[in-house]
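Here is how the chains run, residue by residue.
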Amino acid sequence: MISLWEVEIKKEYTVERILLENNISRRLEALGINEGTPIVALTRKRSGAMIVKIRGTRLALGRHITSNIEVKEVIAV
Amino acid sequence: MREHANGFHVAFVGNPNCGKTTLFNAITGSKLKVANWPGVTVEKKEGTVEFENEKLILIDTPGIYSLSTYTIEEKVTRNCVLDDDIEVIVNVVDASNLERNLYLTLQLLELGKPIVMALNMMDVIEERGMEIDLHRLPEMLCDIPIVPVSAIKKRGLDILLHAIIHHKEAVTLGQVFSYSEELEDKISKLEVIMAAKYPNHSSARWHSIKLLEDDEEVSEEHPVDVSRIVDRSYSRQIIQAKYGYVEEVIRECLFNKSSKEARTDKIDAVLTHPLFGVPCFLIIMALVFLLTFTLGDWIKGFLEIFLEWFQGVVGNLLTFLNAAEWLKGLIVDGIIAGVGGILTFLPNIIILFIALAILEDSGYMSRVAYVMDGIMSKLGLSGKAFLPMVLGFGCTVPAVMATRALETPKDRRRTMLVTPFMSCSARLPIYVLFSGLFFGKFAALVSFSMYVLGILIALLTAFITNLLDREKGKNNLLIELPEYKRPNLRSIRVYVWNKVKDYLTKAGTTIFIASIVVWFALNIGPKGFVNEPVESFAAYLARFIAPVLKPCGLNMWEVVVALFAGVSAKEVVVTSFTVLFSDAVNNMSLLESIQAVYPSFGGANALSLMVFCLLYTPCLATIATIKKESESLKFTIFAMIFQVATAFAFSALVYNIARLYI
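The sections below set out a description of the structure shown in this document. No experiment lies behind these values; they were computed from the predicted model shown. (Residues numbered from 1 in each chain as written. Chains lettered and ligands numbered in written order. Predicted model: local features only at pLDDT ≥ 70, side-chain atom pairs only at ≥ 80, totals over all residues. Heavy atoms only, no water.)

Another aspect to go through is the overall build of chain B. For chain B, the count of helices and strands is 29 helices and eleven strands. A globule of 662 residues ought to have a C-alpha radius of gyration of about 26 Å, and chain B, at 29 Å, matches this closely. Considering chain B as a whole, with its 662 residues, one finds that 58% of them fall into the buried category. Counting contacts in chain B only where the partners sit at least 6 residues apart, residues at least 24 apart contribute 74% of the total. A total of about 28400 Å² of accessible surface is found on chain B, and carbon and sulfur atoms cover 62% of it. (Helix = DSSP H or I, 4+ residues; strand = E, 2+ residues; numbered from the N terminus. Rg over C-alpha atoms; globule rule 2.2 N^0.38 Å. Buried < 20%, exposed > 50% of the residue type's maximum accessible area, 1.4 Å probe, protein only. Contact = heavy atoms within 4.5 Å. Areas by Shrake-Rupley, 256 points an atom, 1.4 Å probe, with all protein chains shown as cover.)

Here it is, written out as structure tokens:
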């Protein structure tokens, strides 16, 4: 398991755990970032902000958020 | 069901940027601002429409992702939805983004109120070759009516209104799908408790679910002891169950999901590139302003010729009519020079707003938040705080209101403090006038530099407030990036026309009155009408204050009068100046008349004046908005003093440096 911030760009992962303060994690969950949701990173800046694609939507996420979401690589069968 | 003599209430509710306001405008004929980024609407707005002999009061609400209450907009919308007066909820859904939008739909369905779904952006769906099973979809959503519409193309509106009227009495089943056995067990127990305590409650299931989510507001409003059942927050399980059901709906109802990949990713590869993102943004903004000044000034030239001619004609006419000399002065040098002078800046203003409208409508605004996030996070703010700042180029009032999208009150105040430094369109005439008078072919560059200076000082202020702040906030940037789209001509027209109308209204009211007041203040002294403004009341007072501005090279009583008058609206600085120095009766240009009085007034003084106007206390409307949004008089007064001090310091600095070179 790695943090979202460390993923390879344009590769599919699934969300494993959200390790954020309650109010932020509730917001992310409401936006559809839940356990098992597929997530693809589109670009990443050195500052740690990223653009990700989730449930057909693009979201820009700041460093604090990207470094506290754990993801798992999807292994092609 | 209650009867309303003046119509029944319908609330438009949906995710941010799903087109609620566009639909609202299309139905009611309103001209509310729409753009392509999440969070344009921050307040609820009402409009009415008559259809099939019924009067409907439509309410447009700020977009929300869920019925929890983390931001101000969410609270506004949630309170509106829960209000008993609302008889029908129109859930506006972006069909091209069905999966995420349906999550809110499920929450609304649990309320048990009559709901009609407006499936918006059907044109986008068709364009992408996607298909939605419109028979299966309502089956899976409590059989609510689902009306495909296209707000932009105004399709399906009558069918939607018809559905609203015919379903206002329909009771939607509060249960869309079942949660796990454990949760359902708890929900039914809570429903029993709720029903016992609040027998007439309309949405017991929703409230029970909210109690399970440990929702603060619901437990405060309905204090029931449920600690035995709600031993912890079940919020995560509830959200996941909803999304689980949404996935099921999507599997059964949405086809050809990704048959055509949007162009958006290709555009984003350049505009949000880790390295080129910031330079792209700077180039775009530079283009906007250079266009505003070069093209705008060129058109402005023609209007000025016309104005001069008009002043001459009216002057001659008044002479011919034997009008009193003072009346002729008031009309020609007071009103026409003042208000007319302001109108000649219209081309600049229109170009600026067209450019801003295109930026906002294309979908680029959200990207600005991402692109600027790196710089902003060094200043302790998230990239989202940059959006109000960009809006500040247009007008500071809506920009200050846009700070509502920020998460914490502290971030809001810090953004409110710096936003007025972003040069608004009312300050534009000041730069255009003075750089035109004193800097010749470098005029556009000098005007543009004011904008750059404004941004730098805003960032510097944010940096300093961040240094002083002991509890550093974390970088919680979270914003949706919509698909890019070709800017819609109608949206741009509405946007620009609204701004032009505001400007004209301001010219006709605030500026008009201010010109007259300034003229009288300058022409009446202790002994009645005076021959020279120097003997007027205004001059006496202003001469007293003027020496304070000596370090800035602005120790002239006329400047003091103009700056004070400029607090009513920044354009008034220009009108006051023209009223003070305009001597059309004697055929002198503004520059000649200024230098006739102050031979040493040159480029350095003009530059200093522009800097002062850029930074000092914003207009009354902005001050009132800051007071309203910060809910603190202390903060508002602090902000005002801070801005005057900054203006003084920087214009003194600029003046003394400029004097060495000019």
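So much for the structure itself; the text now carries on.
Time to look at the pattern of salt bridges. This model, assessed by the stated rule, comprises 34 salt bridges over all chains. Put simply, E70 of chain A and R17 of chain A hold a salt bridge, and the shortest N to O gap is 3.1 Å. One end of the pair, E70 of chain A, is in strand β6 (residues 69-73); the other, R17 of chain A, is in strand β2 (residues 12-18), with 53 residues separating them in the sequence. Residue R17 of chain A is classed as partly exposed on the basis of its relative accessible area of 45%. Linking D268 of chain B and R367 of chain B is a salt bridge whose minimum nitrogen-to-oxygen distance equals 3.1 Å. (Salt bridge = Lys/Arg side-chain N within 4 Å of Asp/Glu carboxyl O.)

So, about the nonpolar core. Residues and elements named next belong to chain B. Counting 124 residues, the largest nonpolar core has F281, M376 and F434 as its most contacted members. The biggest single contributor to this core is helix α22 (residues 489-523), with eleven residues. Beyond its immediate sequence surroundings of up to four residues, M376 is in contact with L381, S382, G383, A385, F386, M389 and L459. Counting 58 residues, the second largest nonpolar core, distinct from the first, contains I86, I125, L137 and V176. (Core = buried A, V, L, I, M, F, W, Y, C linked by side-chain atoms within 4.5 Å.)

Considering all chains together, one arrives at 23 aromatic pairs over all chains under this definition. When the centroid spacing of 5.0 Å and the interplanar angle of 75 degrees are considered together, the rings of F289 of chain B and F393 of chain B count as edge-to-face. Within this pair, whereas F289 of chain B is found in helix α12 (residues 277-320), its partner F393 of chain B is found in the loop between α17 (386-391) and α18 (396-401), the two being separated by 104 residues in sequence. An aromatic cluster is defined as three or more aromatic residues linked by ring pairs; in this entry it consists of F289, F293, F393, Y431, F448 and Y451 of chain B. Its guanidinium or amino end placed over the ring of W5 of chain A, R44 of chain A lies 5.7 Å from that ring's centre, counting from NZ or CZ. The residue whose ring lies beneath K45 of chain A is Y370 of chain B, and the NZ or CZ to ring-centre distance is 5.0 Å. (Phe/Tyr/Trp six-rings, centres within 6.5 Å; stacked < 30°, edge-to-face > 60°. Lys NZ or Arg CZ within 6 Å of the ring centre and 35° of its normal.)

Right, let's get into the interface of chain B and chain A. Counting from both sides, the interface comprises 38 residues of chain B and, opposite them, 34 residues of chain A. Overall, the association of chain B and chain A removes approximately 3200 Å² of surface from exposure, summing both partners, and the carbon and sulfur fraction of that is 53%. The partner of D265 of chain B in a salt bridge is R58 of chain A, with the nearest N and O atoms 3.0 Å apart. The interface formed by chain B and chain A holds 16 residue pairs in polar contact (both at pLDDT 80 or more) in total. Those elements giving two or more residues to the side of chain B that touches chain A turn out to be α3 (98-110), α10 (235-253), α11 (264-271), α15 (364-371), α16 (373-378) and β9 (478-481) of chain B. The residue makeup of the side of chain B that touches chain A, split by class, is 14 nonpolar, eleven polar and 13 charged. Alignment of strand β5 (residues 57-61) of chain A against β9 of chain B, held across four bridges, turns out to be antiparallel. Directly across from A60 of chain A, in β9 of chain B, lies its bridge partner I479 of chain B. (Buried area = accessible area lost by both parts, 1.4 Å probe. Polar contact = N/O pair within 3.5 Å; in protein donor to acceptor, adjacent residues only side chain to side chain. Nonpolar A, V, L, I, M, F, W, Y, C, P; charged D, E, K, R; others polar. Pairing = 2+ DSSP bridges.)

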